[in-house]
Amino acid sequence: MLQPTRLRCEYLVDAVGIDCLEPRLSWVLQTDHPDRRGERQTGWQIIVRRDAGAVAWNSGRVASDETAQIVYRGRLLEPCARYRWKVRVWDGAGRPSAWSLESSWTMGPWGPGWTNARANNDPRPAVPMNWIGEPLPATWNEREGQASPLLRREFTLPGPVRRAVVFASALGIYELHLNGRKVGDRALAPEWTDYHRRVQYQGYDVTGLLVSGPNAIGAMLAPGWFAGQLGLGGDFLAIKRGFYGRHLRFAAYLHAELESGTVVSVTTGPDWKVSMEGPIRSSDLLAGETYDARREVPGWDRPGYDDSRWIPVFCRMGPVLSAQPNEPIRVVTTLAPVALTEPSPGVFIYDLGQNFAGWVRMHLEGEHGAEVRFRHAEMLDADGRIYRDNLRLDPKDSRSGAQQEDRYVCRGNGEEVFEPRFTYHGFRYVEVTGLAYKPSLEDLEGRVVHSDATAAGEFSSSNALLDRIMRAIGWTQDSNLHGVPTDCPQRDERLGWAGDIQVFSQAAMFNRDMAGFFTKWLRDLREGQAADGRIPDFAPHALESEVRFSGNPGWGDAITVIPWRQYVTYGDRRILEESFESARRWLDWSERGNPDLLWRYRQQLTPIYGDWLNADTFKDIPGLPRKGGEVPKEVYATAWFAHSASLTARMAGVLGRTEDERRYADLSNRVTAAFNRAYVSKDGRIRGDTQAGYALALSFDLLPVRLRPIAARRMVAAFKRYHGALSTGFISTVRMMNELVRWGYAGEAYRLALRREMPSWGYMIDHGGTTIWERWDGWVEGRGFQNPSMNSFNHYAIGSVGEWVWRTVAGINPCEDEPGCRRVEIRPVPGGGLTETRAVWRTIRGPVGVAWQASRQVFEVEVSIPPNMRATVVLPTAAGSVVTEGAVPVAKAHGVRVLGRRQGTIRMDIGSGTYRFTVMQGKARA
Ligand code: BGC
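Description of the structure in this document. Predicted, not measured: the structure shown is a model, and the values here were computed from it. (Residues numbered from 1 in each chain as written. Predicted model: local features only at pLDDT ≥ 70, side-chain atom pairs only at ≥ 80, totals over all residues. Heavy atoms only, no water.)

1. Concerning the environment of Phe226
Link 1 in the chain: Inspection of the secondary structure assignment puts Phe226 in helix H1 (residues 224–227).
Link 2 in the chain: For the pair Phe226 and Thr193, spaced 33 residues apart in the sequence, the C-alpha separation amounts to 8.8 Å.
Link 3 in the chain: Leaving out residues up to four positions away in the same chain, Phe226 has contacts with Leu171, Gly172, Tyr195, Gly242, Phe243, Tyr244, Gly245, Arg246, His247 and Leu248. (Helix = DSSP H or I, 4+ residues; strand = E, 2+ residues; numbered from the N terminus. Contact = heavy atoms within 4.5 Å.)

Given below as structure tokens:
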């Protein structure tokens, strides 16, 4: 029997705060006979009720095999209302399943100030909205930031509550309190957007927190991205803080339905009060937080607190709010330290054993007023002290760079607990000073903080190095998901660099379910688009996008690559609808600036970054060539131009925009022709003769078919000059890895993946890396650290090789022409001496599993496919090899259809179920 589970609305489970009037629903099918083959769904029925009440939508039986992206087609959704829904499905034999467990979503409020979602002719009154805060930011200081305001008001509920929700947001970041408790477990809400245009709100179910009678609601605010430091800002604009404003503001709307049927609402407004006398004396995402426990205000968030000395808030209207579409940032897990040292008296260094993003929590004691300092770092120096040079600290300015320093001033009455809330750090080591005693290992723990996108991938193999690389990639991804995909979590940058996430996006989707996250961030990217069509190099674009940091090839192309992957991986057609116009404008701008279709004019405002951090950027590495790694910038940029035009044409095709499809396919063909004329010689040599150049041209299918194998050979030959090493930068590396496999050089790809000399992933791991480094030569034996002004040890771009591991080692590939994982291609290619691999990827249709064992003669592959998905299985064979499934020749195996044998492979089509394939090689395996 099939059973629909994991019901989600707009990618979220039981979301509170949906502001889209046609939300999309999904479920995952489970079967109680996982061994049964070819199970499929032939129909579904959805029933949605407005809370316990009237039916808002009864779809009736719909003949369809879709389990995701199902658009709600019921009655007009009401603000603040909760909708409960369930689904049942029909299987291949026409049998209905039982109804699923009920799931729910809750609409956000709407009206002026809240959201644009409601239908224009909806006559309902708008929710009045005020943004409140301190009348004048008295504690504002350009260098130090500002103290956290506390805000509060009380209200009375005339009876018991049936259901209550609060929607809240801030210009700044906030923590919401009700009756003495923090509401929810979010951190750093409302997260980062271009606050000039749009601010996100968050919703909370607070039914259990309210009582009949007096209640108190409160909030604590901090600068965050809105008013705090932002990376690059100091360098480029000579301003340190306050990019979007200095006046921290808070907005909330509480909607309580009482048992009696009465609805009570409480909103931010003039009846709130504010105090600047709370314990958080300053906080900043980059600088850190200072908490003075002597200034705690017991009871401020409970009813009955005497706030007569607090002052009335300042109120004004604010920007447009929209619901947060991505999973919250929160404390996701906790790390216990692995070592504690004392390099000099009173200086304690905890090693958390893992580089990560977040903060620490420490149980400590100190005298009244004693200050304990926490300084965070990724590495230790040669003397075992924390290495902080790569935080871009200027020794002449104690407030420069990303200080990553928290301070706690003790209350002084026994054990106290320090844990910051409005900052985060990228670190593995934390130095604690100011204690009058030697702390123990257990006193401190690491709190891992990031956007809590659901884990999707699990990988392990017989190769310990490969497993460690994969773990490091996972940690690097997690360290850089904070509402935006950041380049790094430690130095004063932490920007949503589009090139980095463009190359890493598929690896990211294998590791975690990124659909909600990318829905959010692609909005940021589109909002940063300049009037002339340039896509920003990072988003949100805190600097004016018309002026600088936009239009860079390989970075701007995130606007074609990521929506396309989101469509292929999750079947998200809406993201194409939302992104198409931006992609089109990006291509039109590219064409206008490059009339002969070769990208050689400096039309973008920053120089072309190119294949960033390729071998030409290595510092003092004897034995490797100084030049010759970097693909010439115009070759690089033109290749991207052709590729993005082709992706834009494909988007148009899906959307049924025939005219646009033709136009961009034609543009892509013309750019490709120009590329070949200008840069490719008859014998397949691409200008520059770089690994990267061949990798990009092959990956983008730019070369005439005849030249492709030749170019692949040249790509491999280009390793020679580097004594077998890669010379690629972070944009081309994973493309090269994939092309090596595609053109028959899987052995070379495995060799690179498992290599241990610099440059390689193995080198990072062997030298202490627990996350992926920004630069291949971030630290090199004998030479030491690279230039500290740009040397992060937690950058995922080079970790994009995770995509290759999933596609080649695990062998799991979403299929472009059957998006949303209706079909996956299972194509494991054994190599590198691996004897075993085990992988599970949880797709939007359910978990796909591949486990294989390889010996010289036998390749055994277990494939499991969830109900309602099909797979094309491609296994390597040699002449004379015998392929069986469950001991039966594949041609006779139940549920297996052999599609054919070609080029040393056998291709088969299967439906759901678990299959055990064995390839007995006739000769040595290809
Ligand atoms: C960032 C990168 C980014 C690059 C753009 C760096 O400072 O850390 O990862 O893509 O700038 O050139």
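2. Remarks on unusual backbone geometry
Link 1 in the chain: The omega torsion of the bond from Ala539 to Pro540 falls at -5°, within 30 degrees of zero and hence cis.
Link 2 in the chain: Following the sequence through the fold, Pro540 ends up in the loop between helix H5 (515–527) and helix H6 (558–570).
Link 3 in the chain: The linkage connecting Met758 with the following residue, Pro759, adopts the cis geometry, with an omega of -10°.
Link 4 in the chain: Along the chain, Pro759 falls in the loop between helix H13 (746–754) and helix H14 (761–766).
Link 5 in the chain: Phi is positive for Arg6, which is not a glycine, with a value near 50°.

3. As for the site of the ligand
Link 1 in the chain: Close to the ligand lie Asp487, Arg491, Glu493, Trp497, Asp500, Trp555, Tyr609, Trp612, Phe730, Glu774 and His795.
Link 2 in the chain: A distance of 2.7 Å is found between an oxygen atom of the ligand and a side-chain nitrogen or oxygen belonging to Asp487.
Link 3 in the chain: Between the ligand and Trp555, the relevant distance is 3.0 Å, taken from an oxygen atom to a side-chain nitrogen or oxygen of the residue.
Link 4 in the chain: The protein chains hide 95% of the 310 Å² of surface that the ligand would expose on its own. (Near = heavy atom within 4 Å. Polar contact = N/O pair within 3.5 Å; in protein donor to acceptor, adjacent residues only side chain to side chain. Areas by Shrake-Rupley, 256 points an atom, 1.4 Å probe, with all protein chains shown as cover.)

4. Re the side chain of Ser732
Link 1 in the chain: Looking at where Ser732 falls in the secondary structure, it is placed in the loop between helix H11 (708–717) and helix H12 (733–742).
Link 2 in the chain: Here Asp611 takes part through its side chain, which lies 2.6 Å from a polar atom of the side chain of Ser732.
Link 3 in the chain: Not counting residues within four places of it along the chain, the set of residues in contact with Ser732 comprises Asp611, Ala692, Ala695 and Leu696.

5. Re the pairing of strand E46 (residues 882–885)
Link 1 in the chain: Here 4 bridges tie E46 to strand E50 (residues 913–920), and the two strands are oriented antiparallel to one another. Among the inter-strand pairings, Thr884 is bridged to a residue of E50, identified as Thr918.
Link 2 in the chain: Pairing geometry for E46 and strand E47 (residues 888–889), over 2 bridges, is antiparallel. Following the sheet pairing, Glu885 is matched in E47 by Val888.
Link 3 in the chain: Count of turn residues in the E46/E47 antiparallel hairpin: 2 residues, of which Gly886 carries a positive phi of about 55°. (Pairing = 2+ DSSP bridges.)

6. Description of the state of the cysteines
Link 1 in the chain: With the rule as written, the count across this model stands at 0 disulfides.
Link 2 in the chain: Its sulfur unpaired, Cys80 is 15 Å from the next cysteine sulfur, which belongs to Cys9. (Disulfide = S-S within 2.5 Å.)

7. Section: the nonpolar core
Link 1 in the chain: Membership of the largest hydrophobic core comes to 263 residues, with the highest contact counts inside it found for Phe250, Phe374 and Trp804.
Link 2 in the chain: Counting residues per element, this core draws most heavily on helix H8 (residues 633–654), at 12 residues.
Link 3 in the chain: The residues contacting Phe374, other than those within four sequence positions of it, are Val360, Met362, Leu364, Gln404, Glu405, Asp406, Tyr408, Phe418, Val430, Glu431, Val432 and Leu444.
Link 4 in the chain: If you look at the next biggest cluster of nonpolar residues, it comprises 26 residues, including Cys9, Ile46, Trp57 and Ile70. (Core = buried A, V, L, I, M, F, W, Y, C linked by side-chain atoms within 4.5 Å. Buried < 20%, exposed > 50% of the residue type's maximum accessible area, 1.4 Å probe, protein only.)

8. Side note on the sheet that holds strand E1 (residues 2–9)
Link 1 in the chain: Here 3 strands make up an open sheet; going across it, the order is E1-E3-E7 and the pairing antiparallel. Of all strands in the sheet, those with a lone pairing partner are E1 and strand E7 (70–71), marking the two edges.
Link 2 in the chain: Strand direction decides the pairing type here: strand E3 (residues 24–31) and E7, joined by 2 bridges, are antiparallel. Residue pairing in the sheet places Arg24 in a bridge with Val71 of E7.

9. Re the packing of aromatic side chains
Link 1 in the chain: Here the structure, examined in full by the defined rule, presents 44 aromatic pairs.
Link 2 in the chain: Centroid distance Trp497 to Phe538: 4.9 Å. Interplanar angle 70°. Geometry classified as edge-to-face. With Trp497 in the loop between strand E37 (484–485) and helix H4 (498–511) and Phe538 in the loop between H5 and H6, this residue pair connects regions lying 41 residues apart in the sequence. Taken as a pair, Trp497 and Phe538 share a single burial class, namely buried.
Link 3 in the chain: Relative to Phe700, the ring of Trp640 lies with its centre 4.8 Å away and its plane at 65°, an arrangement referred to as edge-to-face. With Trp640 in helix H8 and Phe700 in the loop between helix H10 (691–699) and H11, this residue pair connects regions lying 60 residues apart in the sequence. No difference in accessibility class separates Trp640 from Phe700, as the two residues are buried.
Link 4 in the chain: Here a set of aromatic residues connected by ring pairs shows up, and it is made of Trp497, Phe538, Phe549, Trp555, Tyr609, Trp612 and Phe730. (Phe/Tyr/Trp six-rings, centres within 6.5 Å; stacked < 30°, edge-to-face > 60°.)

10. Observations regarding the pattern of salt bridges
Link 1 in the chain: Scanning the model with the defined rule gives 84 salt bridges in all.
Link 2 in the chain: Between Arg670 and Asp666 there is a salt bridge, and its shortest N-O distance comes to 3.0 Å. Note that Arg670 and Asp666 are positioned in helix H9 (residues 658–679) at a spacing of 4 residues, about one turn of the helix.
Link 3 in the chain: Accessibility expressed as a relative area gives 30% for Arg670, which makes it partly exposed.
Link 4 in the chain: A salt bridge links Arg756 to Asp766; its shortest N-O distance comes to 2.8 Å. On the criterion of sequence distance, the pair formed by Arg756 in the loop between H13 and H14 and Asp766 in helix H14 is long-range, its members being 10 residues apart.
Link 5 in the chain: Residue Arg756 is classed as partly exposed on the basis of its relative accessible area of 41%. (Salt bridge = Lys/Arg side-chain N within 4 Å of Asp/Glu carboxyl O.)

11. Side note on helix H7 (residues 573–593)
Link 1 in the chain: With 21 residues, H7 ought to run about 30 Å at 1.5 Å a step, and its terminal C-alpha atoms sit 30 Å apart, in line with that.
Link 2 in the chain: The largest bend in H7 amounts to roughly 45° and is located at Ser579.
Link 3 in the chain: Of all 21 residues in H7, 15 are buried, a share of seventy percent or more.
Link 4 in the chain: Two to three positions downstream of the cap, the backbone nitrogen of Arg574 sits 3.2 Å from a side-chain oxygen, assigning the N-cap of H7 to Asp572. (Expected span 1.5 Å × (residues − 1). Bend = angle between axes of the 7 residues up to and from the residue.)

12. Considering the side chain of Arg708
Link 1 in the chain: Structurally, the position occupied by Arg708 is in helix H11.
Link 2 in the chain: Setting aside residues up to four positions removed in sequence, Arg708 forms contacts with Leu698, Asp701, Leu703, Arg742 and Trp743.

13. Some points on helix H3 (residues 464–479)
Link 1 in the chain: With 16 residues, H3 should cover 22 Å at 1.5 Å per step; its first-to-last C-alpha distance of 22 Å lies within 8% of that length.
Link 2 in the chain: With 13 of 16 residues buried, H3 is to be regarded as a mostly interior element.
Link 3 in the chain: The backbone nitrogen of Leu465 has a side-chain oxygen 2.9 Å away, supplied by the residue at the start of H3, namely Asn463.

14. Let's talk about the packing of H5 against H6
Link 1 in the chain: The N-to-C vectors of H5 and H6 enclose an angle of 155°; their axes lie 11 Å apart at closest approach. In terms of axis orientation, H5 runs roughly antiparallel to H6. Considering the relative orientation of H5 and H6, their crossing is left-handed. On the side of H5, the interface is formed by Ala515, Phe518, Thr519, Trp521, Leu522, Leu525 and Arg526, while H6 contributes Ala558, Ile559, Ile562, Pro563, Gln566 and Tyr570.
Link 2 in the chain: Classifying every residue of the contact of H5 with H6 by side-chain character gives 10 nonpolar, 2 polar and 1 charged. (Axes fitted to C-alpha atoms, helices over the stretch in contact; angles between N-to-C directions. Parallel < 35°, antiparallel > 145°, perpendicular 65-115°, else oblique. Left-handed = near helix turned anticlockwise from the far one by under 90°. Nonpolar A, V, L, I, M, F, W, Y, C, P; charged D, E, K, R; others polar.)

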